[in-house]
Amino acid sequence: RWFARQVVDVMDALDIDRAHIAGNSMGGRISIEVGLRYPERVKSLALLCPAVAFVKRDYHPIVRLLRPEFGVLPHRFTRGMVAAQFWSLFRDRDAVDPSVADIACDEFQRIYGSAGARFAFLSSARNIYLDKPFGRGGFYPRLSELSAPSLFVWGTHDPLIPQAFKRHVERWLPRADQVVLDNCGHVPQIERAEEVNAMLLEFFGAAEAA
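This report concerns the structure included in the present document.

Cut-off values and rules
- Residues numbered from 1 in each chain as written.
- Predicted model: local features only at pLDDT ≥ 70, side-chain atom pairs only at ≥ 80, totals over all residues.
- Heavy atoms only, no water.
- Helix = DSSP H or I, 4+ residues; strand = E, 2+ residues; numbered from the N terminus.
- Pairing = 2+ DSSP bridges.
- Axes fitted to C-alpha atoms, helices over the stretch in contact; angles between N-to-C directions.
- Contact = heavy atoms within 4.5 Å.
- Phe/Tyr/Trp six-rings, centres within 6.5 Å; stacked < 30°, edge-to-face > 60°.
- Buried < 20%, exposed > 50% of the residue type's maximum accessible area, 1.4 Å probe, protein only.
- Polar contact = N/O pair within 3.5 Å; in protein donor to acceptor, adjacent residues only side chain to side chain.
- Core = buried A, V, L, I, M, F, W, Y, C linked by side-chain atoms within 4.5 Å.

**Some points on the environment of Val34**
Part 1 of the argument: Secondary-structure assignment places Val34 in helix H2 (residues 26–37).
Part 2 of the argument: Taking the C-alpha atoms as reference points, Val34 and Ile21, separated by 13 residues in sequence, lie 9.1 Å from one another.

Okay, here's the thing in structure tokens:
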């Protein structure tokens, strides 16, 4: 909800009354939250491999105990660990400029060197994992209340948010459009840029016309 409020504050600062919103991964989860909390500000939502609530949470007790405040203690990930995690997000590595990958990995290490950034990163990751899927206040029952036209895009080779989540969205939000991209990882707007851009323009155009 904090990030959703930031999105609306930016829209206010730019005098944007309503907008089509696209988000990838955690950005997709934030976009959904904007749609749920501020439906009057959203024309439509394009959700690219969004971080929906995990159904199987085997590590839930451990993650709940591991407070993000521990992130304030000095620690770091090696450059190799960061690079390995970065490249695991892509099925087609040739779609990524190696120099851009170097910048992304270097920036992550630089930012993660800050205690505040570590706390923020771990808090966000922890809250996504602990997001209750069902029951009162659960993510999927709330998702059923989403009123904006919504497009969900999944990748068949996404290691973080598997396409299997498609069936949960289909159950709770059957009116949403869903697309599965073959041989695509977690960042479809990079791996399949032209295809995704065309898809979003068509979807936003149809929502605008409606």
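**Focus on the sheet that holds strand E2 (residues 42–48)**
Part 1 of the argument: If you walk across this open sheet you meet the four strands as E1-E2-E3-E4, and the pairing is parallel. Looking at strand neighbours, the two that pair on one side only are strand E1 (19–24) and strand E4 (177–181), the edges of this open sheet. Between one strand and the next, the sheet's axes are offset by a mean angle of 15°, whatever the strand orientation.
Part 2 of the argument: Relative to E2, E1 is paired through six bridges, and the arrangement is parallel. Looking at E2, one finds that Asn24 is bridged to Leu48.
Part 3 of the argument: Contacts between H2 and the sheet are confined to E1, E2 and strand E3 (150–155), with E1 contributing the most and set at about 145° to the helix.

**Observations regarding the packing of aromatic side chains**
Part 1 of the argument: Under the criterion given, the structure shown has 16 aromatic pairs.
Part 2 of the argument: The interplanar angle of 85° and the centroid separation of 4.9 Å between the aromatic rings of Trp2 and Phe3 together place this pair among those described as edge-to-face.
Part 3 of the argument: Between Phe77 and Phe108 the ring centres are 6.5 Å apart and the planes differ by 35°, which places this aromatic pair in the tilted class. Here Phe77 is found in the loop between helix H3 (60–65) and helix H4 (79–88), whereas its partner Phe108 is found in helix H5 (residues 98–112), with 31 residues between them in sequence.
Part 4 of the argument: On the basis of relative accessibility, which here comes to 30%, the residue Phe77 falls in the partly exposed class.
Part 5 of the argument: In this structure Phe108 comes out as partly exposed when scored by relative accessible area, which is 27%.
Part 6 of the argument: Of the aromatic side chains, those joined through ring pairs into one cluster are Phe77, Phe108, Tyr112 and Phe121.

**Thoughts on the side chain of Asp131**
Part 1 of the argument: Looking at the element boundaries, Asp131 is found in the loop between helix H6 (115–130) and helix H7 (139–143).
Part 2 of the argument: Owing to a relative accessible area of 19%, Asp131 belongs among the buried residues under this scheme.
Part 3 of the argument: Of the polar contacts made by the side chain of Asp131, one reaches the side chain of Arg29; its length is 3.1 Å.
Part 4 of the argument: For Asp131, the residues in contact, after removing those within four places along its chain, are Arg29, Ala53, Arg57 and Phe139.

**Notes on the nonpolar core**
Part 1 of the argument: Within the largest apolar cluster, 29 residues are counted, with the highest numbers of intra-cluster contacts made by Ile32, Val52, Leu143 and Phe152.
Part 2 of the argument: When contributions to this core are tallied by element, the ones reaching two or more residues are helix H1 (2–13), E1, H2, E2, H7 and E3.
Part 3 of the argument: Not counting the four nearest positions on each side in its chain, Leu143 is found in contact with Ile32, Phe152, Val169 and Leu173.
Part 4 of the argument: Among the nonpolar cores identified, the runner-up in size contains eleven residues, and Leu151, Leu181, Met199 and Phe204 belong to it.

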